[in-house]
Amino acid sequence: MSGLRYVYAVCRPFGTPLSAQLTGVAGVPPKQLTHHGLVAVVGHVPEEDFAEGPLRAHLEDLDWLSATARAHQNVIDALTVVTSPLPLRLATVFLDDSGVRTMLEQREDAFLRTLDRLDGRVEWGVKVYAESPEASEGTESAENPDSRPATSPVKPVSGRDYLRQRRGQRRAHEEKWEQAEGFSRRLHETLSGYAEETRIHAPQNAALSRAPGRNVLNAAYLVPRSESEAFVELVDHTKDDSPGLRVELTGPWAAYSFSGEDS
């Protein structure tokens, strides 16, 4: 088949076949390309989209990029069910099978070491979000409309009273974030006991993620599959421990944060 070779991941040989209905980037089913003790999971992609010039332009197209990322992730998710893949970065492309084999040959030792470290392990993501004090107050008022008079008069506020209110609001903010950060530190320490490795990522940008609240913890945990059930239960037990905080668990994923690859 003509076209370029898109590489999703590198694995050790695995016996369980992928679903015959699985398709990847460009709607093409992935295949296995074996070289020595490694398997590259690849797909054929058209030059008109994935040659250097067109690819550079496509990477500026958010709709195209999003669709390609979803197709890439579909293949990685399917691999994660049957093995512990080493995912490569999005749009890793070679001219032909020979180019893929050359890459495997050149990086064989590093790939084998990383696959040994990731074998039998998955990545779980945990995020903690804190809602602002104003949001909490707004929620309480909405849930308890009788707590405020419907026709309460508005009293004029002096400059001194205004400054006192502002100081009180600032203290409430500071206390809220201190509580959230303390909760997050304790949670991270506890979860780290179940993980072989951890990564603390930068907080998510609220404008990009569109998740409500302020992201206080954004962490990844490399967990043995055998410990994953206990890890999930532990996270679930913490979700109601602190009012005004939201704990979000994602996974299990291929170990992107621990692969040493740009993803």
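Let me sum up the structure you'll find in this document. (Residues numbered from 1 in each chain as written. Predicted model: local features only at pLDDT ≥ 70, side-chain atom pairs only at ≥ 80, totals over all residues. Heavy atoms only, no water.)

**Observations concerning the pattern of salt bridges**
Here is step 1: A complete count under the given rule lists seven salt bridges for this structure.
Here is step 2: Note that Asp 97 is salt-bridged to Lys 31, the shortest N-O span being 3.5 Å. Here Lys 31 lies in strand S2 (residues 31-35) and Asp 97 lies in helix H4 (residues 97-106), a separation of 66 residues in the sequence.
Here is step 3: For the salt bridge of Glu 197 with Arg 117, the shortest nitrogen-to-oxygen distance reads 2.9 Å. Pair noted here: Glu 197 is in strand S7 (residues 197-200) and Arg 117 is in helix H5 (residues 108-118), with a separation of 80 residues, a long-range link.
Here is step 4: Overlapping salt bridges bring together Arg 5, Lys 31 and Asp 97 as one network. (Salt bridge = Lys/Arg side-chain N within 4 Å of Asp/Glu carboxyl O. Helix = DSSP H or I, 4+ residues; strand = E, 2+ residues; numbered from the N terminus.)

**Details of the nonpolar core**
Here is step 1: Tyr 6, Tyr 8, Val 25, Val 41, Phe 50, Ile 76 and Leu 79 are the most contacted members of the largest nonpolar core, which has 20 residues in total.
Here is step 2: Counting residues per element, the ones that place at least two in this core are strand S1 (4-11), strand S3 (38-45) and helix H3 (62-82).
Here is step 3: Not counting the four nearest positions on each side in its chain, Val 41 is found in contact with Tyr 6, Val 7, Tyr 8, Ala 9, Cys 11, Pro 30, Lys 31, Val 75 and Leu 79.
Here is step 4: In terms of nonpolar packing, the next biggest core, distinct from the first, is built from 19 residues, Val 122, Leu 187, Val 235 and Leu 245 among them. (Core = buried A, V, L, I, M, F, W, Y, C linked by side-chain atoms within 4.5 Å. Buried < 20%, exposed > 50% of the residue type's maximum accessible area, 1.4 Å probe, protein only. Contact = heavy atoms within 4.5 Å.)

**So, the packing of aromatic side chains**
Think of a pair of aromatic rings as described by two things: how far the centres are apart, and how the planes are tilted against each other in angle.
Here is step 1: Under the defined criterion, the tally for this structure stands at five aromatic pairs.
Here is step 2: Centroid distance Tyr 6 to Phe 50: 5.9 Å. Interplanar angle 90 degrees. Geometry classified as edge-to-face. You can see Tyr 6 sitting in strand S1 and its partner Phe 50 sitting in helix H1 (residues 47-50), a full 44 residues away along the chain.
Here is step 3: The exposure class assigned to Phe 50 is buried, which follows from its relative accessible area of 5%. (Phe/Tyr/Trp six-rings, centres within 6.5 Å; stacked < 30°, edge-to-face > 60°.)

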